[in-house]
Amino acid sequence: MNKLITVDEVIAEYKPFGRKAIRALNAASLSLNSYEILGLFGLNGAGKTTLIRLILGMMQASNGKVDVLGFSPINNRERVLANLGVILEGERFFEARLKADDILQLVGAGYGLRPSEIKKRADELFYKFGLEPNRFKLITEYSRGMRQKLSLILAILHQPKILILDEPIIALDIETSREFMMMIKEIADSGCGVIISSHQINTIAKLIDKAVILKDGKTIFEANANSLIERFGKPRFRVKFENKVDISSLPKGVDFANDSFVVETDTEISAKFFSWAKREGLVLDGLEPIQDLESAFMKINNERALL
Amino acid sequence: MKYFWIAWARFKNALYLEYRYPLQALMNAIGFVLFIYLLSIGANFNNPNISKSANIISVLTGLIAAFGLSHPLTTLGKSKFEIQEIYLQPISRIKYILASSTFFFLQIILTFIVYTYIIALFLNAEIQIPSQFLFLSIAVYLSSLGLGLVLVSFRIVFQRMGALINFISLIFIGSAVAANPTILRFIANYSAFARALLYIQTGELSLPWLWGLTFISLIIGIISFAYSEKLMFKRALLALD
């Protein structure tokens, strides 16, 4: 595994003319290795996108160190960007009146690929992402999911060493999100380091190796995703019963969806829940613990607020 | 070579847009010919001592200057997302703008030559496109490209620039229609565009001055843009809209 990105104690500010400077990052850090998928989490305004912009060399840090593939992105933008694939704020910008293939030709040329190389890569990627039938359609005819897939194609067209995805599954349905995640996993398995910033924490939980949590511009957690769940995740379990269930008298605090119940352990609620099940004469069909990254995230976020 | 392929892909896409929306392209062409026609009538009215042909070519020179001026902004993009997309690619923006301007210039100059003949037909003017005009138009285009780079520098630093480019374009076109040799002789010391107009109207030509002014304008534009980019990165202005 090679170290791809190191961000160390970085401070960054937006300084528009005629307005007060806004400090967006205050001692933010992260590191990314090849084959690794890093989940970047934080509430709105925590500094996720700013951190990504710093890695992309789109802004300069006031203090601290940003190192991408051994270079400072602000001083070596072209060299760094040649090895990065990016989706910012959901999707790439497309001229809607063009065809997907035209856009690929333009972006590929920007990465120094010759038309013949772009065509070869495009053949492969359009097929792989299931967009082959729509390759020569105008972007106006693309659905949101198709546009996001096309954004991913643009991001990996030049076979980058690092892939940075800012809210890549925003507005995608469950099926397409899952498909999208599989593709990202495949890309990481080929050796690429991936950073995913998303609010849909549980959707990407199974995918990530490492989690970084930002709060008010500061890194408050950086470690293995499982250790985050172990340390901060609210222990919960999912219960299924063989019988048909009447939930009209279900105790408060228990969630019911898709024929199963989600209950917190070690609480008064779980005791009430099992008493209720006994009263109703329900026969247990299955019980499994839930790995809930989102509740772990909320817990660490709230706890640190009290520190 | 990399910039040649980017410029080519961009140019090809611009042509695709014309081809895919033929009605829009036709309406634009008709509107544009009418526009140049009316301006040429105005120029003939203002400068009756100058030949119709020279007046038509003056108008076209004004339009070439206006196109050169707006090219950097059009290439870089108007919205935050368009500009951001350029900055996500491993390219030098200056080289990108200059490379794409080559194909764009060829497109407009060829279009204008066709339009000139159409308008000359309407105005019953004997038109000749001297090779020297083509040569001059390169200087005019490059010098206004330099000014365009200065203006786009304002855009990336201050995010807003209102209708400044439109106003300056109108000044270029207005000068082509209304300026007489006396005024042009005065401005020609500072502007390659005025020097080109002076040549078209009177035949007075000083090539070292013309190219000197062109390069100064272009270099000021490049320096201004490079400095503004540094400022933009330092103050994190790219993310702002």
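What you see is a predicted model; the values in this text were computed from it and never measured. Just so you know, the residues in each chain are numbered from 1, in the order the chain's sequence is written. Written order decides the labels, with chains lettered from A and ligands numbered from 1. Per-residue local features of the predicted model are confined to residues with pLDDT of at least 70, and side-chain atom pairs are confined, for both listing and counting, to 80 or more; whole-chain, interface and lining totals are unaffected and use all residues.

Chemist: Would you mind going over the overall build of chain B in detail, with residue names and values included?
Modeler: Helix and strand assignments follow DSSP, with helices taken as H or I runs no shorter than four residues and strands as E runs no shorter than two, numbered in order from the N terminus. Summing up its helical and strand segments, chain B has ten helices and zero strands in all. Taken along the three principal axes of its C-alpha coordinates, chain B extends 55 × 45 × 35 Å. Here the C-beta atoms are placed from the backbone, and a residue counts as buried if at least 20 other C-beta atoms lie within 10 Å of its own, exposed if 12 or fewer do, and partly exposed otherwise. Here chain B, with 241 residues, has 43% of them falling under the buried criterion.

Chemist: Can you lay out the overall build of chain A for me, pointing to particular residues and giving the numbers?
Modeler: Counting secondary structure elements, chain A contains ten helices and 13 strands. In terms of overall dimensions, chain A has a C-alpha envelope of 70 × 50 × 40 Å along the principal axes. Here chain A, with 307 residues, has 40% of them falling under the buried criterion. Any two residues are considered in contact once their C-beta atoms, placed from the backbone, lie within 7 Å. When contacts within chain A are restricted to residue pairs at least 6 apart in sequence, long-range pairs at least 24 apart make up 70% of them.

Chemist: Explain the confidence of the model for chain B to me, using residue names and the numbers behind them.
Modeler: All names here are of chain B. pLDDT expresses, on a scale from 0 to 100, how confident the predictor is about each individual residue. On average, residues of chain B carry a pLDDT of 87, and 98% of them reach 70 or more. Taken element by element, chain B is modelled with least confidence in helix H1 (residues 2-20), mean pLDDT 84, and with most confidence in helix H10 (residues 207-234), mean pLDDT 93. Both confidence scores are given for the complex: pTM 0.82, ipTM 0.81.

Chemist: For the environment of Lys230(B), give the residues involved together with the corresponding values.
Modeler: Residues and elements named next belong to chain B. Tracing the backbone through its elements, the reader meets lysine 230 in helix H10. Overall, lysine 230 belongs to the exposed group, with 12 C-beta atoms counted inside 10 Å. For lysine 230 and asparagine 28, which are 202 residues apart along the polypeptide, the C-alpha to C-alpha distance reads 38 Å.

Chemist: Lay out the packing of helix H9 (residues 192-202) of chain B against H10(B) with the relevant residues and their values.
Modeler: Residues and elements named next belong to chain B. Close contact between H9 and H10 brings their axes to 8 Å; oriented N to C, the two are set at 155°. The angle between H9 and H10 places the two elements in the roughly antiparallel class. The interaxial crossing formed by H9 with H10 has left-handed handedness. Of H10, the residues touching H9 (which contributes Ala192, Arg195 and Ala196) are Trp209, Leu210, Leu213, Thr214 and Ser217. The angle between two axes is taken between their N-to-C directions and runs from 0 to 180 degrees, where each axis is a line fitted to C-alpha atoms and a helix contributes only its stretch in contact. What sets the label is the angle itself: under 35 degrees gives roughly parallel, over 145 gives roughly antiparallel, 65 to 115 gives roughly perpendicular, and the rest give oblique. For a crossing to be left-handed, the near helix must be turned anticlockwise from the far one by less than a right angle; the clockwise case is right-handed.

Chemist: Hey, could you go over the interface of chain B and chain A for me, with residue numbers and the actual values?
Modeler: The interface is formed by 28 residues belonging to chain B together with 31 residues belonging to chain A. For the side of chain B that touches chain A, the elements supplying multiple residues, two or more each, are H1, helix H4 (80-87) and H10 of chain B. When residues in the side of chain B that touches chain A are grouped by element, the largest group, nine residues, is from H1(B). Considering only residue class, the side of chain B that touches chain A consists of 17 nonpolar, four polar and seven charged. Three residue categories are used. Nonpolar comprises Ala, Val, Leu, Ile, Met, Phe, Trp, Tyr, Cys and Pro, charged comprises Asp, Glu, Lys and Arg, and polar comprises the others, including Gly.

Chemist: Provide a residue-level description of the sheet that holds strand E11 (residues 255-257) of chain A, including the pertinent values.
Modeler: Residues and elements named next belong to chain A. Read across the sheet, four strands follow the order E11-E12-E10-E13 without closing on themselves; strand pairing throughout is antiparallel. At either margin of the open sheet sits one strand with a lone partner, and together these are E11 and strand E13 (284-290). If you compare each strand with its neighbour and ignore which way they point, the axes differ by 25° on average. By the convention used here, strands pair only if DSSP detects at least 2 bridges between them. Where E11 lies against strand E12 (residues 260-264), three bridges are found, and the strand directions are antiparallel. By the bridge assignment, alanine 257 is partnered in E12 with serine 260. Together, strand E10 (236-241) and E12 form the strand contacts of helix H9 (residues 268-280), whose direction differs from that of E12 by roughly 145°.

Chemist: Residue-level account of H4(B), with values.
Modeler: Among the residues making up H4(B), those that are buried are Ile83(B), Gln84(B), Glu85(B) and Tyr87(B). Looking at the packing, one finds that the buried side of H4(B) touches helix H3 (52-76) of chain B.

Chemist: Summarise the environment of Lys206(A); cite the residues concerned and give the values.
Modeler: Of note, Lys206(A) is situated in the loop between helix H7 (201-205) and strand E8 (210-215). In this structure Lys206(A) comes out as exposed when scored by C-beta crowding, with 12 C-beta atoms within 10 Å.

Chemist: Got a sec to walk through the pairing of strand E1 (residues 3-14) of chain A? Specific residues and values, please.
Modeler: All names here are of chain A. Judged from the nine bridges that link them, E1 and strand E2 (residues 22-33) form a sheet pairing that is antiparallel. Directly across from valine 7, in E2, lies its bridge partner leucine 30. The pairing of E1 with strand E4 (residues 63-68) spans five bridges and is antiparallel. Bridge pairing in E4 places valine 7 opposite valine 66.

Chemist: Run through the sheet that holds E2(A), naming residues and quoting values.
Modeler: Residues and elements named next belong to chain A. Read from one edge to the other, the open sheet built from three strands follows the order E2-E1-E4, with strand pairing classed as antiparallel. In this open sheet, the two strands that pair with only one neighbour each are E2 and E4. Adjacent strand axes in the sheet meet at a mean angle of 20° when their direction is disregarded. Those strands touched by helix H1 (residues 48-55) are E1, E2 and E4, and its axis lies near 120° from that of E1.

Chemist: An account of the nonpolar core is needed here, citing residue identities and associated values.
Modeler: Residues Val194(A) and Ala196(B) are the most contacted members of the largest nonpolar core, which totals 147 residues. Among the elements that line this core, the one with the most residues is H3(B), at 13 residues. Look past the residues within four positions of Val194(A) in its chain and what remains in contact with it is Ile37(A), Leu38(A), Leu163(A), Leu165(A), Ile184(A), Ile187(A) and Ala188(A). For this entry, the nonpolar core is defined as buried Ala, Val, Leu, Ile, Met, Phe, Trp, Tyr and Cys residues connected by C-beta atoms within 7 Å.

Chemist: Lay out the packing of H3(B) against helix H5 (residues 93-123) of chain B in plain terms, naming residues and giving numbers.
Modeler: All names here are of chain B. Interaxial distance between H3 and H5 falls to 9 Å at its minimum, and their mutual angle equals 155°. Looking at the two axes, H3 sits roughly antiparallel to H5. Handedness of the H3/H5 crossing: right-handed. Where H3 abuts H5, its residues Lys52, Ser53, Ile56, Leu60, Ile64, Phe67, His71, Pro72, Thr75 and Leu76 lie against Arg93, Tyr96, Ile97, Ser100, Ser101, Phe104, Ile108, Phe112, Thr116, Ile119, Ala120 and Leu123. For the contact of H3 with H5, a count of residues per class yields 14 nonpolar, six polar and two charged.

Chemist: Report on helix H5 (residues 144-156) of chain A, specifying residues and quantitative values.
Modeler: Residue and element names in this part refer to chain A. How far a helix is expected to stretch is found by multiplying one less than its residue total by 1.5 Å. Between its first and last C-alpha, H5 extends 19 Å over 13 residues, near the 18 Å set by a 1.5 Å rise per residue. Listed in full, the buried residues belonging to H5 are Gln148, Lys149, Leu150, Ser151, Leu152, Ile153, Leu154, Ala155 and Ile156. Buried residues along H5 sit in contact with strand E5 (84-87), helix H3 (100-110), helix H4 (115-128), strand E6 (162-166) and helix H6 (174-189).

Chemist: Break down the environment of Glu141(A) for me, citing the residues and quoting the values.
Modeler: Note on placement: Glu141(A) falls in the loop between H4 and H5. In the structure, Glu141(A) is positioned 114 residues away from Ala27(A) in sequence and 44 Å away in space, judged by C-alpha atoms.

Chemist: Please set out the confidence of the model for chain A residue by residue, giving values where relevant.
Modeler: Fine structural detail should not be taken from predicted coordinates in areas where pLDDT scores are low. Scored by pLDDT, chain A has a mean of 85; 95% of the residues are at 70 or more. For chain A, the element scoring lowest by mean pLDDT is helix H10 (residues 293-306) of chain A, at 67; strand E7 (residues 193-197) of chain A scores highest, at 94.

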